[in-house]
Amino acid sequence: VSLNTWGDHRQVTISPMALAPSTAYTLTIGKNFADEFGQTLGKAYTYSFTTPPIAPEIALAYSKGEFGIFERDKPPVYYINDVNVSAVSVEFAELSLDEFINIRQQKIGNYNFAPNLQDKQLYQAMTLKPKAKKDEWETIAFDVGKRFGVALKPGIYAMLLRAPEFKDYNGQ
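In this report, the structure presented in the accompanying data block is examined.

1. Examining the overall build of the protein
- Helix and strand content of the protein: 2 helices and 10 strands.
- Reading the helices (α) and strands (β) of the protein from amino to carboxyl end gives β-β-β-β-β-β-β-α-β-β-α-β.
- Within the protein, contacts between residues separated by at least 24 positions form 69% of all contacts whose residues are at least 6 apart in sequence.
- For the protein, the exposed area adds up to about 12,400 Å²; of that, 53% sits on carbon and sulfur atoms.

2. Comments concerning the packing of aromatic side chains
- In total, this model carries 5 aromatic pairs according to the counting rule given.
- Here the aromatic rings of Phe92 and Tyr157 are separated by 5.4 Å at their centres, their planes lie at 15°, and the arrangement is stacked. Of this pair, Phe92 sits in strand 7 (residues 88-95) while Tyr157 sits in strand 10 (residues 156-162), and the two are 65 residues apart along the sequence.

3. So, the sheet that holds strand 9 (residues 138-143)
- A sheet is described by the order of its strands in space; here 3 strands give the open sequence 5-6-9, paired in antiparallel fashion. At either margin of the open sheet sits one strand with a lone partner, and together these are strand 5 (57-61) and strand 9. If you compare each strand with its neighbour and ignore which way they point, the axes differ by 25° on average.
- Judged from the 6 bridges that link them, strand 6 (residues 77-83) and strand 9 form a sheet pairing that is antiparallel. The partner of Val77 across the bridge, within strand 9, is Asp143.

4. Digging into a nonpolar patch on the surface
- On the surface, Ile14, Leu27, Phe33, Leu41, Tyr45 and Tyr47 cluster together into a nonpolar patch covering about 530 Å² of accessible area.
- Tracing the sequence through the fold places Ile14 in the loop between strand 2 (9-13) and strand 3 (24-29).
- Taking the relative accessible area as the measure of exposure, Ile14 reaches 31% and is therefore partly exposed.

5. Quick word on the nonpolar core
- By size, the foremost hydrophobic cluster in this structure holds 14 residues, and its most contacted members are Ile80, Val88, Val90, Leu128 and Phe142.
- Of all elements in the fold, only strand 6, strand 7, strand 9 and helix 2 (144-148) reach the threshold of two or more residues within this core.
- Apart from residues no more than four positions distant in its own chain, Val88 is found in contact with Ile58, Ile80, Asp82, Met126, Thr127, Leu128, Pro130, Leu161 and Arg162.
- Membership of the second largest hydrophobic core comes to 7 residues, among which are Ala93, Ile103, Leu117 and Ala158.

6. Concerning the pattern of salt bridges
- In the structure shown here, the tally under the stated rule is 4 salt bridges.
- The shortest N-O distance in the salt bridge between Lys153 and Glu94 comes to 3.3 Å. Of the two residues, Lys153 is situated in the loop between helix 2 and strand 10 and Glu94 in strand 7; the sequence distance between them amounts to 59 residues.
- Exposure remark for Glu94: the relative accessible area of 12% places this residue in the buried category.
- Here Lys120 and Asp119 are joined by a salt bridge, their closest N and O atoms 3.3 Å apart.
- It is possible to trace a salt-bridge network through shared partners that takes in Glu99, Asp119 and Lys120.

7. Here we look at the sheet that holds strand 7
- Taken together, 3 strands build an open sheet; the order of strands is 8-7-10 and the sheet is antiparallel. Of all strands in the sheet, those with a lone pairing partner are strand 8 (121-128) and strand 10, marking the two edges. Between one strand axis and the next, the sheet turns through 15° on average, direction left out of account.
- Two strands pair when backbone bridges link them, and strand 7 and strand 10 are joined in this way by 7 bridges, in the antiparallel orientation. Considered in strand 10, the bridge of Ser89 is made with Arg162.

Rules behind the numbers
Residues numbered from 1 in each chain as written. Predicted model: local features only at pLDDT ≥ 70, side-chain atom pairs only at ≥ 80, totals over all residues. Heavy atoms only, no water. Helix = DSSP H or I, 4+ residues; strand = E, 2+ residues; numbered from the N terminus. Contact = heavy atoms within 4.5 Å. Areas by Shrake-Rupley, 256 points an atom, 1.4 Å probe, with all protein chains shown as cover. Phe/Tyr/Trp six-rings, centres within 6.5 Å; stacked < 30°, edge-to-face > 60°. Pairing = 2+ DSSP bridges. Axes fitted to C-alpha atoms, helices over the stretch in contact; angles between N-to-C directions. Patch = residues over 30% accessible without salt bridge, like charges linked within 9 Å, V, L, I, M, F, W, Y side chains within 5 Å. Salt bridge = Lys/Arg side-chain N within 4 Å of Asp/Glu carboxyl O. Buried < 20%, exposed > 50% of the residue type's maximum accessible area, 1.4 Å probe, protein only. Core = buried A, V, L, I, M, F, W, Y, C linked by side-chain atoms within 4.5 Å.

Next comes the structure, spelled out in C-alpha coordinates:
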(Lines give C-alpha, C1' and ligand atoms only; values in the text may rest on other atoms or scores of the structure.)
Protein backbone atom coordinates (compact mmCIF):
# COMPACT_ATOMS: atom_id res chain seq x y z
CA VAL A 1 0.00 0.00 0.00
CA SER A 2 1.31 3.43 -0.83
CA LEU A 3 0.09 6.92 -0.02
CA ASN A 4 0.91 9.51 -2.66
CA THR A 5 0.58 13.24 -2.00
CA TRP A 6 0.36 15.75 -4.86
CA GLY A 7 -0.47 19.26 -3.69
CA ASP A 8 -3.65 19.02 -1.63
CA HIS A 9 -4.73 15.70 -3.12
CA ARG A 10 -3.96 12.35 -1.57
CA GLN A 11 -4.30 8.98 -3.20
CA VAL A 12 -4.05 5.51 -1.71
CA THR A 13 -2.87 2.88 -4.15
CA ILE A 14 -2.96 -0.85 -3.53
CA SER A 15 -0.93 -2.85 -6.01
CA PRO A 16 -2.45 -6.32 -6.52
CA MET A 17 1.05 -7.72 -7.03
CA ALA A 18 1.93 -6.73 -3.45
CA LEU A 19 -0.89 -8.85 -2.01
CA ALA A 20 -0.61 -12.54 -1.17
CA PRO A 21 -2.99 -14.98 -2.89
CA SER A 22 -5.90 -16.52 -0.93
CA THR A 23 -5.54 -13.95 1.83
CA ALA A 24 -8.21 -11.92 3.64
CA TYR A 25 -7.52 -8.18 3.92
CA THR A 26 -9.34 -5.36 5.69
CA LEU A 27 -8.93 -1.72 4.73
CA THR A 28 -10.18 0.84 7.25
CA ILE A 29 -10.40 4.57 6.59
CA GLY A 30 -10.70 6.50 9.83
CA LYS A 31 -13.65 8.82 10.59
CA ASN A 32 -11.38 11.90 10.47
CA PHE A 33 -10.24 11.24 6.89
CA ALA A 34 -10.96 14.49 5.02
CA ASP A 35 -11.40 15.41 1.36
CA GLU A 36 -9.77 18.43 -0.26
CA PHE A 37 -12.52 20.69 1.18
CA GLY A 38 -11.99 19.51 4.77
CA GLN A 39 -15.12 17.37 4.93
CA THR A 40 -14.60 14.26 7.05
CA LEU A 41 -16.24 10.87 6.73
CA GLY A 42 -17.79 11.25 10.19
CA LYS A 43 -17.55 7.51 10.80
CA ALA A 44 -14.95 4.93 9.93
CA TYR A 45 -15.34 3.03 6.67
CA THR A 46 -14.17 -0.59 6.54
CA TYR A 47 -13.81 -2.69 3.40
CA SER A 48 -12.86 -6.37 3.53
CA PHE A 49 -11.86 -8.59 0.64
CA THR A 50 -10.04 -11.83 -0.07
CA THR A 51 -7.56 -12.18 -2.90
CA PRO A 52 -8.13 -15.09 -5.29
CA PRO A 53 -5.82 -18.12 -5.34
CA ILE A 54 -3.20 -18.56 -8.03
CA ALA A 55 -4.85 -20.09 -11.09
CA PRO A 56 -4.06 -23.81 -11.43
CA GLU A 57 -1.19 -24.41 -13.84
CA ILE A 58 1.23 -27.05 -15.08
CA ALA A 59 4.19 -26.42 -17.33
CA LEU A 60 7.57 -27.78 -18.27
CA ALA A 61 10.25 -25.68 -16.62
CA TYR A 62 13.26 -24.55 -18.59
CA SER A 63 11.49 -25.48 -21.81
CA LYS A 64 12.34 -23.39 -24.84
CA GLY A 65 9.24 -24.20 -26.83
CA GLU A 66 7.59 -27.49 -27.55
CA PHE A 67 10.70 -29.59 -28.10
CA GLY A 68 13.36 -30.96 -25.81
CA ILE A 69 16.69 -32.39 -26.83
CA PHE A 70 18.65 -34.67 -24.55
CA GLU A 71 22.35 -35.35 -24.75
CA ARG A 72 23.57 -38.89 -25.28
CA ASP A 73 24.48 -40.73 -22.07
CA LYS A 74 22.64 -38.18 -19.88
CA PRO A 75 19.33 -39.01 -18.20
CA PRO A 76 16.24 -37.56 -19.91
CA VAL A 77 14.94 -35.38 -17.08
CA TYR A 78 12.06 -32.95 -17.43
CA TYR A 79 11.18 -30.48 -14.69
CA ILE A 80 7.43 -30.12 -14.23
CA ASN A 81 6.15 -26.98 -12.50
CA ASP A 82 2.72 -27.10 -10.91
CA VAL A 83 0.53 -24.98 -8.66
CA ASN A 84 -2.95 -25.61 -7.25
CA VAL A 85 -3.54 -28.92 -9.01
CA SER A 86 -4.54 -32.18 -7.32
CA ALA A 87 -2.78 -34.46 -9.80
CA VAL A 88 -0.55 -34.34 -12.87
CA SER A 89 -1.23 -36.96 -15.51
CA VAL A 90 1.83 -37.81 -17.62
CA GLU A 91 1.63 -39.74 -20.89
CA PHE A 92 4.73 -40.70 -22.84
CA ALA A 93 5.34 -42.57 -26.09
CA GLU A 94 7.86 -43.06 -28.86
CA LEU A 95 6.94 -41.66 -32.28
CA SER A 96 8.06 -42.52 -35.78
CA LEU A 97 9.10 -39.60 -37.97
CA ASP A 98 5.81 -39.89 -39.90
CA GLU A 99 3.78 -39.85 -36.66
CA PHE A 100 5.69 -36.80 -35.45
CA ILE A 101 5.10 -34.92 -38.72
CA ASN A 102 1.41 -35.87 -38.67
CA ILE A 103 1.01 -34.58 -35.10
CA ARG A 104 2.82 -31.35 -35.96
CA GLN A 105 0.54 -30.79 -38.99
CA GLN A 106 -2.59 -31.38 -36.89
CA LYS A 107 -1.37 -28.95 -34.26
CA ILE A 108 -0.82 -26.06 -36.70
CA GLY A 109 -3.45 -23.44 -35.87
CA ASN A 110 -5.04 -25.72 -33.25
CA TYR A 111 -3.33 -24.99 -29.95
CA ASN A 112 -5.76 -27.22 -28.05
CA PHE A 113 -4.84 -30.31 -30.06
CA ALA A 114 -3.59 -33.20 -27.93
CA PRO A 115 -2.53 -36.34 -29.79
CA ASN A 116 -3.68 -39.79 -28.75
CA LEU A 117 -0.52 -41.57 -27.66
CA GLN A 118 -2.12 -44.79 -26.42
CA ASP A 119 -1.50 -46.71 -29.64
CA LYS A 120 2.13 -45.59 -29.99
CA GLN A 121 5.32 -47.51 -29.22
CA LEU A 122 6.52 -47.54 -25.59
CA TYR A 123 3.29 -45.92 -24.40
CA GLN A 124 3.38 -45.29 -20.67
CA ALA A 125 1.10 -43.29 -18.37
CA MET A 126 1.23 -42.35 -14.72
CA THR A 127 -0.27 -39.88 -12.31
CA LEU A 128 1.85 -37.74 -10.02
CA LYS A 129 0.45 -36.35 -6.77
CA PRO A 130 1.79 -32.85 -6.06
CA LYS A 131 2.93 -32.22 -2.50
CA ALA A 132 2.91 -28.43 -2.46
CA LYS A 133 0.48 -26.48 -0.31
CA LYS A 134 -2.18 -24.24 -1.82
CA ASP A 135 -0.68 -21.32 -3.78
CA GLU A 136 2.86 -22.72 -3.62
CA TRP A 137 4.70 -23.63 -6.81
CA GLU A 138 6.34 -27.02 -6.93
CA THR A 139 8.95 -28.42 -9.30
CA ILE A 140 9.00 -32.17 -9.88
CA ALA A 141 12.14 -33.68 -11.42
CA PHE A 142 10.74 -36.25 -13.84
CA ASP A 143 13.38 -38.71 -15.06
CA VAL A 144 11.59 -40.48 -17.93
CA GLY A 145 13.84 -43.55 -17.87
CA LYS A 146 13.57 -44.10 -14.11
CA ARG A 147 9.85 -43.31 -13.86
CA PHE A 148 8.84 -45.64 -16.66
CA GLY A 149 11.62 -48.20 -16.16
CA VAL A 150 12.82 -48.04 -19.74
CA ALA A 151 16.14 -46.93 -21.24
CA LEU A 152 15.48 -44.53 -24.07
CA LYS A 153 17.28 -45.09 -27.33
CA PRO A 154 17.84 -42.16 -29.69
CA GLY A 155 14.54 -41.22 -31.27
CA ILE A 156 11.47 -39.02 -31.21
CA TYR A 157 9.22 -39.05 -28.16
CA ALA A 158 6.05 -37.26 -27.10
CA MET A 159 5.01 -36.35 -23.57
CA LEU A 160 1.62 -34.94 -22.56
CA LEU A 161 0.85 -33.29 -19.22
CA ARG A 162 -2.67 -32.79 -17.91
CA ALA A 163 -4.28 -31.79 -14.61
CA PRO A 164 -7.99 -31.82 -13.82
CA GLU A 165 -8.04 -28.19 -12.62
CA PHE A 166 -5.81 -26.73 -15.34
CA LYS A 167 -7.42 -24.91 -18.23
CA ASP A 168 -5.28 -23.42 -20.97
CA TYR A 169 -5.55 -19.80 -22.06
CA ASN A 170 -8.51 -20.67 -24.28
CA GLY A 171 -10.42 -22.21 -21.36
CA GLN A 172 -9.84 -25.79 -22.59
